[in-house]
Amino acid sequence: MNKWSVEIWRLILVAAIASLVGWIVGYFLITLFLALFALLIFHLRHLSELENWLNEGNPNHPPDVWGVWGNIYFNVYHLQKRYVARKKKLASIVKQFKQSTAAMPDGAVVLGAGGEIAWFNTPASNLLGLKSPQDIGQRLVNLVRDPSFLDYVCGEDFCESLELESPVNHELTLSLKICPYGHKQRLLLVRDVTQLQKLERVRTDFVSNISHELRTPLTVLKGCVETIEMGEMPQQWKKPMALIAEQSLRMEQLVNDLLLLSRVESGISVERRPAFDMPSLIYQVIEEMSHYKQDKGHHFRCEIDPELYLAGNENEIRSVLTNLLSNAVNYSFDGCDILVRWYGNEDGKFFEVQDSGDGILPEDIPRLTERFFRVDVARSRKTGGTGLGLAIVHHVLDGHQAKLSIESMVGEGSTFRCHFTCKY
Ligand code: ADP
């Protein structure tokens, strides 16, 4: 039988015996009251013993008690044992987590909903100069005082990482990335990218220097070829000379593109002017394009907002327009229509070039802005392409807080869209 049923039967039995004795001795109510009072005292004593036993903090075996109280002691004892085992397991997980994050070369900082520091590991304290336990609970933006970091933390877009000088050591460059999780919790990952940045600088310097060095011999070569071509020369020399002239022109184009790319990549570009007349620039580039590629007979259709100016580097933007428009001409059939649009809305300003040419396979689209990537190498060479055009476009747009998006269908054509997020 269930322990509670036994307890109820015991209560009924006590009340029945007390009633019987009370009826015999003639004090029915008093006897019944005394018997129930004794039962109440009995339960109160057990309740107080249970409280003492729990207050011991780490109770050993439960006292040997019969009835329903034995049941309660047994259940509480097992609950406590399960709780202690779970606590030990959690403590060991936390210990392992702390050891593994301390062994990580990257810093990790857990931020609460209000941007306050909940926890950080040793590399984070070395790279950001955080101190434990003083800085726990402090807002991170109050400790790392940098406007770009404030914008990054307060923003919503954490797809990109932020590069920042370390607040402890000015020679270190840090890359910071926020990973949101849970309910408004964020994990900030901090990585030392000083070496990577140095390597990247060495690489761009190398490309830029070698391009500069190649310029002089190329100019000499071109000059010599022109002089020879102007004079009398045997018939059998004419073809090779024309080939040398053509290839040195190609090399010159390549060197110029490499120099432009390393300049826009390193951010060393001509002073940025406040706002320039973008509609006029577009018409100028279209005019040049129609002149140079007139044999191809393309028709440019323009939908251009005449009052929409753009803040930025006009020379760099000119190279973006030239690259996109010459690609539209080179990779579409002769005589095709090319739609050029320049418009603005609440999301920013957009420059679009839409052709009805070859189109690009979906798997090639993400690779188009890589240096020297060509879908069709032979065709690119034939049209005088260097494979650097879209890489230049990508870097120039990057420097203007703009993005390039590409939509294309094989056999139907492509749309290259530059999205400038600035509102001025
Ligand atoms: P390239 O100097 O070879 O034109 P780009 O970097 O400008 O180099 O372009 C890379 C490649 O992307 C090109 O070789 C071409 O295969 C492809 N491409 C670029 N624009 C278009 C377009 N409008 N239509 C089809 N393919 C294109």
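Keep in mind that what you see is a predicted model, and the values were worked out from it rather than measured. Per chain, residues are indexed from 1 in the order of the written sequence. The predicted nature of this model means local features are confined to residues of pLDDT at least 70 and side-chain atom pairs, given and counted, to a pLDDT of 80 or more, with totals for whole chains, interfaces and linings taken over all residues. Side-chain numbers come from the whole structure's heavy atoms, not from hydrogens or water.

> Quick question: what am I supposed to make of the overall build of the chain here?
By definition, any uninterrupted DSSP run of H or I lasting at least four residues is a helix, any uninterrupted run of E lasting at least two residues is a strand, and each is numbered from the N terminus. Broken down by element type, the chain carries 12 helices and 12 strands. Oriented by its inertia axes, the alpha-carbon framework of the chain measures out at about 150 × 45 × 45 Å. Here the term buried applies to any residue with accessible area under 20% of the maximum for its type, exposed to any over 50%, and partly exposed to those in between, with areas from a 1.4 Å probe on protein chains only. In the chain, buried positions account for 36% of the 424 residues. Approximately 26500 Å² of the chain is accessible, and the part contributed by carbon and sulfur atoms is 59%. The charge count includes Lys and Arg as positive and Asp and Glu as negative, but it does not include His or the ends of the chains. We put the charge of a Lys on NZ, of an Arg on CZ, of an Asp on CG and of a Glu on CD. Positive and negative charge centroids in the chain, built from 44 and 51 side chains respectively, lie 9 Å apart. All accessible-area figures derive from a Shrake-Rupley calculation using a 1.4 Å probe, and residue coverage is judged against the displayed protein chains alone.

> Help me understand the pairing of strand β11 (residues 402-409), please; the structure alone is not making it clear to me.
As judged from the 8 bridges shared by β11 and strand β12 (residues 413-420), these two strands associate in the antiparallel manner. Opposite serine 408, over in β12, you have serine 414 as the bridge partner. From the end of β11 to the start of β12, which pair antiparallel, there are 3 residues, and glycine 411 there has a positive phi angle of about 85°. Strands were regarded as paired on the criterion that DSSP finds at least two bridges between them.

> What is the right way to read the pattern of salt bridges from this model?
Opposite charge on two side chains allows them to pair when their charged atoms are near. We define a salt bridge as a contact between a side-chain nitrogen of Lys or Arg and a carboxyl oxygen of Asp or Glu at a distance within 4 Å. Within this structure, the stated rule accounts for 14 salt bridges. Close ionic contact of arginine 10 with glutamate 7 constitutes a salt bridge, the shortest N to O distance being 2.7 Å. One end of the pair is arginine 10 and the other is glutamate 7, both in helix α1 (residues 3-25) and 3 residues apart, which spans about a single turn. On the basis of relative accessibility, which here comes to 26%, the residue arginine 10 falls in the partly exposed class. On the basis of relative accessibility, which here comes to 11%, the residue glutamate 7 falls in the buried class. One salt bridge in this structure joins glutamate 352 and arginine 341, with 3.4 Å as the shortest N-O distance. With a gap of 11 residues between them, glutamate 352 in strand β10 (residues 348-355) and arginine 341 in strand β9 (residues 337-345) connect regions that are remote in the sequence. Using a relative accessible area of 26% as the deciding quantity, one classes arginine 341 as partly exposed. Bridged by salt links that share partners, the residues Glu303, Arg341, Glu352, Glu407 and Arg417 form one connected network.

> Looking at this structure, I do not really get empty space enclosed by the protein. What am I missing?
Over the atoms a probe the size of a water molecule is rolled, and this reveals where empty space is left. Space inside and on the surface of the protein is sampled on a 1 Å grid over the protein atoms alone, with a cavity defined as a set of points where a 1.4 Å probe fits but cannot get out and a pocket as an open set with protein on both sides within 12 Å along at least 5 of 7 lines; lining residues have an atom within 4 Å of a point. Grid points are joined across faces, edges and corners, and a volume is the space filled by probe spheres set on the points. If you walk through the whole model with that rule in mind, you get 1 cavity of 30 Å³ or more. Its volume calculated, the largest cavity comes out at about 30 Å³. If you trace the largest cavity, you find it lined by Leu111, Gly114, Gly115, Arg139, Leu140, Val141 and Val153. Following the grouping adopted for this structure description, the nonpolar residues are Ala, Val, Leu, Ile, Met, Phe, Trp, Tyr, Cys and Pro, the charged ones are Asp, Glu, Lys and Arg, and the polar ones are all others, Gly among them. Residues of the lining of the largest cavity, tallied by class, amount to 4 nonpolar, 2 polar and 1 charged.

> Honestly, the environment of glutamate 346 in this entry has me stumped. Any pointers?
The residue glutamate 346 is located in the loop between β9 and β10 in this model. Judged by relative accessible area, which is 64%, glutamate 346 ranks as exposed. Measuring from C-alpha to C-alpha, the distance between glutamate 346 and valine 84 comes to 58 Å, with 262 residues separating the pair along the chain.

> I'm lost on unusual backbone geometry in this one. Help?
Peptide bonds are, in most cases, trans, and in most cases residues other than glycine have a negative phi. Residue proline 133 is bonded to the preceding serine 132 through a cis peptide linkage, with omega at 5°. Here phenylalanine 372, not a glycine, exhibits a phi torsion of approximately 65°, which is positive. Within the secondary structure, phenylalanine 372 sits in the loop between β10 and α11 (377-382). Accessibility expressed as a relative area gives 41% for phenylalanine 372, which makes it partly exposed. Phi at glutamine 401 is positive, roughly 50°, even though this residue is not glycine. Here glutamine 401 lies in the loop between α12 (389-399) and β11. By relative accessible area, glutamine 401 is classed as exposed at 53%.

> Would you mind going over the pairing of strand β4 (residues 173-181) with me for this structure?
It is a general feature of regular strands that their side chains alternate between the two faces of the sheet. In terms of strand pairing, strand β3 (residues 162-165) meets β4 through 4 bridges, oriented antiparallel. Pairing of leucine 164 across the sheet is with leucine 174, part of β4. The turn joining β4 and strand β5 (residues 185-192), which pair antiparallel and follow one another in sequence, is formed by 3 residues; a positive phi near 55° is taken by glycine 182.

> Explain the packing of helix α9 (residues 278-292) against helix α10 (residues 314-330) to me, please; I cannot follow it from the model alone.
What describes two packed helices is the angle between their axes and the distance between those same axes. All axes here are fitted lines through C-alpha atoms, helices being fitted over the stretch that makes contact, and every angle between N-to-C directions spans 0 to 180 degrees. The interhelical angle for the contact between α9 and α10, taken along N-to-C directions, is 45°, at an axis separation of 10 Å. For the element pair α9 / α10, the angle class is oblique. When you trace α9 past α10, the crossing you get is right-handed. Taking contact as the criterion, the partners of Met278, Leu281, Ile282, Gln284, Val285, Ile286, Glu288 and Met289 in α9 are, on α10, Glu314, Ile317, Arg318, Leu321, Thr322, Leu325, Ser326 and Val329. In terms of residue class, the contact of α9 with α10 is made up of 10 nonpolar, 3 polar and 3 charged. Should an angle lie under 35 degrees it is considered roughly parallel, over 145 roughly antiparallel, and from 65 to 115 roughly perpendicular; all remaining angles are considered oblique. Here a crossing is called left-handed whenever its near helix is offset anticlockwise from the far helix by less than a right angle, and right-handed whenever the offset is clockwise. Any two residues whose heavy atoms approach within 4.5 Å at even a single point are treated as in contact.

> Please clarify how the sheet that holds β5 should be interpreted in this entry.
Strand pairing in a sheet is mediated by backbone hydrogen bonds. Such pairs are either parallel or antiparallel. Strand order in this open sheet of 5 strands is β2-β1-β5-β4-β3, and the pairing throughout is antiparallel. Both edges of this open sheet fall to β2 (117-120) and β3, since each of them pairs with a single strand only. Direction aside, the axes of adjacent strands within the sheet are offset by 25° on average. Sheet analysis places strand β1 (residues 107-111) next to β2, joined by 3 bridges and oriented antiparallel. Paired with valine 109 across the strands is phenylalanine 120, a residue of β2.

> When you look at the sheet that holds β9 in this model, what are you seeing that I'm missing?
Within the open sheet, the 5 strands sit side by side as β7-β9-β10-β12-β11. Their pairing is mixed. Each edge of the open sheet is held by one strand with a lone partner, namely β7 (299-304) and β11. Put simply, the sheet's adjacent strands are angled 10° from each other on average, direction ignored. Where β7 meets β9, 6 bridges bridge the pair, whose relative direction is parallel. Counterpart to arginine 301 in the pairing with β9 is leucine 339. Set on the sheet, α10 makes contact with β7, β9, β10 and β12; between it and β10 the angle comes to about 25°. The strands touched by α12 are β11 and β12; relative to β11, the strand with the most contacts, the crossing angle is about 140°.

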